[in-house]
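# Summary of structural features
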Number of protein chains: 2
Amino acid sequence: MEAKILLQQHIAKTASLTEEEFNYFFSHFKPMSFKKGQTIIGAGDKVDCEYFVISGCLKAFFINDEIKMYILQFAMPTWWTSDYTALYNQTPATINVDCITDAEVLCLSNTDREKLCAGFHQIEHFFRWRTNKGYIASQKRLLSFMNNNVKTRYEELLILYPQLYNLVPKHLIAAYLGVSRETLSRLHNS
Amino acid sequence: MEAKILLQQHIAKTASLTEEEFNYFFSHFKPMSFKKGQTIIGAGDKVDCEYFVISGCLKAFFINDEIKMYILQFAMPTWWTSDYTALYNQTPATINVDCITDAEVLCLSNTDREKLCAGFHQIEHFFRWRTNKGYIASQKRLLSFMNNNVKTRYEELLILYPQLYNLVPKHLIAAYLGVSRETLSRLHNS
DNA sequence: ATCAGAATGTGATCTACATCACGTAACCAA
DNA sequence: TTGGTTACGTGATGTAGATCACATTCTGAT
């Protein structure tokens, strides 16, 4: 099974689990399929799970005043996503997650993650490492926001995710960069 | 000893260690004192440690083109700071850390942290939780950057750290907000 | 094949904030 | 006390990017 192997390879980079331990770990993940445009987490929802992407592309985004959208993350295969603030604090979602393309994900509940972390030191190690990577990436993006103009951030993005340019509409790239779609469009020519 | 109790209370919120375990944990921290203005990590340095603040106030910042400074974090008592990118990837520092006031810190090496995490599940749990908190805060700040104007970000900052207003010079607050000191000054009146 | 609604491009104008320039006040060290 | 550095305020002007407006192309559903 494709999904199982993808997850196994993903965690093997950081944690060593026996075949048996991994099977137990994997048994807590629920496979789910979504169509392009479907909502996985909507603002106001109770958030119980985080999602490991097997195929397709998701976006995690915030909507301001029902008007402006800011994308926090594009989630591609082997990426994790959720509204972590809502998930950890057990508060209603303020972040939305939906599907840019058809997508398959593995869903892991907060309760199960904590149970697995408590039961297996190596799993706790994996999740520490994963969150650490996310923290470092988030700091880097914050710095880029403060330090760079839109053009530079755009070029950084294309280097970081070359696939994205043809995969997602430009106005979503603009929403990730925190810029209007018009300004992004004008960057092409200049 | 003040520092020991502060650290003990700090980690007790998340992890349960026996007295003996905690003593062993604590034995890996090296107490250090710094004077106002002293540099703890300078750009280009090899970074071996992270720092737990006991007293005083540090800043972690990036300098662009030897001109502009952007503050990633003010570190107050019970906060942790370092250049985590450099620390985890064993690359030269790009972030500086120095002292806004006289400060006492506890220094923990990367090697010792990893040793302690590997040896004690509860310690690994603590560091996962801590990084998770940092990640959530960093995401929140990124969103605020994209979504809010300077005035709103300034008001958020004053709510988050009320002490800061009288503790640190205004141009450092401007550097945290990613705004010129002139603009920050003008916000007072409007 | 057709039509409606997205997605994209592009001009004209507006605005928040940066930058430059200068003055004054506060804080030190000799 | 004095002189030098740092902090802070404030006016004048410049500019990146937002917003508004409209045209064009693409796409997907019937």
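Residues numbered from 1 in each chain as written. Chains lettered and ligands numbered in written order. Predicted model: local features only at pLDDT ≥ 70, side-chain atom pairs only at ≥ 80, totals over all residues. Heavy atoms only, no water.

If you check an unreviewed UniProt entry, chain A appears there as Crp/Fnr family transcriptional regulator from Flavobacterium hydrophilum.

## A few points about the interface of chain A and chain B
With 35 residues of chain A in contact, the opposing surface of chain B contributes 35 residues. Counting the surface lost from both chain A and chain B, the interface buries some 3500 Å², and carbon and sulfur atoms represent 63% of this. Among the residues chain A hides against chain B, the three largest losses belong to His-121, Arg-128 and Met-146 of chain A. Together they make up 22% of the total. For Glu-124 of chain A, the salt bridge identified is with Arg-128 of chain B, shortest N-O distance 2.7 Å. Elements that contribute at least two residues to the side of chain A that touches chain B include exactly strand 4 (58-64), strand 5 (68-75), helix 3 (84-89), helix 4 (110-119) and helix 5 (121-147) of chain A. If one sorts the elements of the side of chain A that touches chain B by residue count, helix 5 of chain A sits on top with 18 residues. (Contact = heavy atoms within 4.5 Å. Buried area = accessible area lost by both parts, 1.4 Å probe. Salt bridge = Lys/Arg side-chain N within 4 Å of Asp/Glu carboxyl O. Helix = DSSP H or I, 4+ residues; strand = E, 2+ residues; numbered from the N terminus.)

## Examining the packing of aromatic side chains
Residue and element names in this part refer to chain A. For the coordinates displayed, the defined rule picks out 33 aromatic pairs over all chains. Geometrically, the ring pair formed by Trp-80 and Phe-126 is tilted, given 6.1 Å between the ring centres and 50 degrees between the ring planes. With Trp-80 in strand 6 (residues 80-81) and Phe-126 in helix 5, this pair connects stretches of sequence that are 46 residues apart. Of the two residues, Trp-80 and Phe-126, neither departs from the other in class, the shared state being buried. Aromatic rings pair up to connect Phe-22, Phe-25, Phe-26, Phe-29, Phe-52, Trp-80, Phe-126, Phe-127 and Trp-129 into one cluster. The positively charged end of Arg-141 is found above the aromatic ring belonging to Tyr-176, 3.6 Å away from the centroid. We note Arg-153 situated over the ring of Phe-145; from NZ or CZ to the ring centre the distance is 4.3 Å. (Phe/Tyr/Trp six-rings, centres within 6.5 Å; stacked < 30°, edge-to-face > 60°. Buried < 20%, exposed > 50% of the residue type's maximum accessible area, 1.4 Å probe, protein only. Lys NZ or Arg CZ within 6 Å of the ring centre and 35° of its normal.)

## With respect to the relation of the copies chain A and chain B
Between the two copies, chain A and chain B, the superposition gives an RMSD of 0.0 Å; the rotation angle is 180 degrees and the shift along the axis is 0.0 Å. Put plainly, the chains are arranged around a two-fold axis. Taken as a fraction of all interface residues of chain A, those also at the interface in chain B reach 100%, which identifies the copy contact as same-surface. (Least-squares fit on C-alpha atoms with pLDDT ≥ 70 in both.)

## Remarks on the sheet that holds strand 4 of chain A
Here 4 strands make up an open sheet; going across it, the order is 2-7-4-5 (chain A) and the pairing antiparallel. Edge positions in the sheet fall to strand 2 (39-41) and strand 5 of chain A, since each has one partner strand and no second. For this sheet, the mean angle separating the axes of adjacent strands, direction not counted, is 30 degrees. Both strand 4 of chain A and strand 5 of chain A contribute to a ladder of 7 bridges, which runs antiparallel. Along strand 5 of chain A, the bridge assignment pairs Asn-64 of chain A with Lys-68 of chain A. Against the sheet, helix 8 (residues 170-177) of chain A makes contact with strand 4 and strand 5 of chain A, and its axis sits at roughly 95 degrees relative to strand 5 of chain A, the strand it touches most. Helix-sheet contacts for helix 5 (residues 121-147) of chain B involve strand 4 and strand 5 of chain A, and the interaxial angle to strand 5 of chain A is about 145 degrees. (Pairing = 2+ DSSP bridges. Axes fitted to C-alpha atoms, helices over the stretch in contact; angles between N-to-C directions.)

## With respect to the protein's contact with DNA strand C
Inspection of the region around DNA strand C gives 17 residues, with Lys-170, Arg-186 and Asn-189 of chain A together with Ser-180 and Thr-183 of chain B positioned closest. Among atoms of DNA strand C positioned within 4 Å of the protein, sugar and phosphate together represent 53%. One of the backbone N or O atoms of His-171 of chain A is found 3.2 Å from a phosphate oxygen in DNA strand C. The side chain of Ser-180 of chain B places a nitrogen or oxygen atom 2.9 Å from a phosphate oxygen of DNA strand C. Taken together, the elements giving at least two residues each to the surface near DNA strand C come down to helix 8 and helix 9 (181-189) of chain A together with helix 9 (181-189) of chain B. With 5 residues, the single largest contributor to the surface near DNA strand C is helix 9 of chain A. Classifying every residue of the surface near DNA strand C gives 3 nonpolar, 7 polar and 7 charged. (Near = heavy atom within 4 Å. Polar contact = N/O pair within 3.5 Å; in protein donor to acceptor, adjacent residues only side chain to side chain. Nonpolar A, V, L, I, M, F, W, Y, C, P; charged D, E, K, R; others polar.)

## Examining unusual backbone geometry
Residue and element names in this part refer to chain B. The backbone of Thr-78 shows a phi angle near 75 degrees, a positive value even though the residue is not glycine. Among the secondary structure elements, Thr-78 is positioned in the loop between strand 5 (68-75) and strand 6 (80-81). Backbone geometry places Gln-90, a non-glycine residue, at a positive phi of 55 degrees. Locating Gln-90 in the fold gives a position in the loop between helix 3 (84-89) and strand 7 (96-99).

## Considerations on the protein's contact with DNA strand D
The immediate surroundings of DNA strand D are formed by 17 residues, with Ser-180 and Thr-183 of chain A together with Lys-170, Arg-186 and Asn-189 of chain B found nearest. Of all atoms in DNA strand D that approach within 4 Å of the protein, 54% are sugar or phosphate atoms. In the environment of DNA strand D, a base oxygen lies 2.9 Å from a nitrogen or oxygen atom belonging to the side chain of Arg-186 of chain A. Here a base nitrogen of DNA strand D sits 2.8 Å away from a polar atom, N or O, in the side chain of Arg-186 of chain B. Broken down by secondary-structure element, the contributors of at least two residues to the surface near DNA strand D are helix 9 of chain A together with helix 8 (170-177) and helix 9 of chain B. Counting residues per element, the surface near DNA strand D draws most heavily on helix 9 of chain B, which supplies 5 residues. Taken together, the residues of the surface near DNA strand D sort by class into 3 nonpolar, 7 polar and 7 charged.

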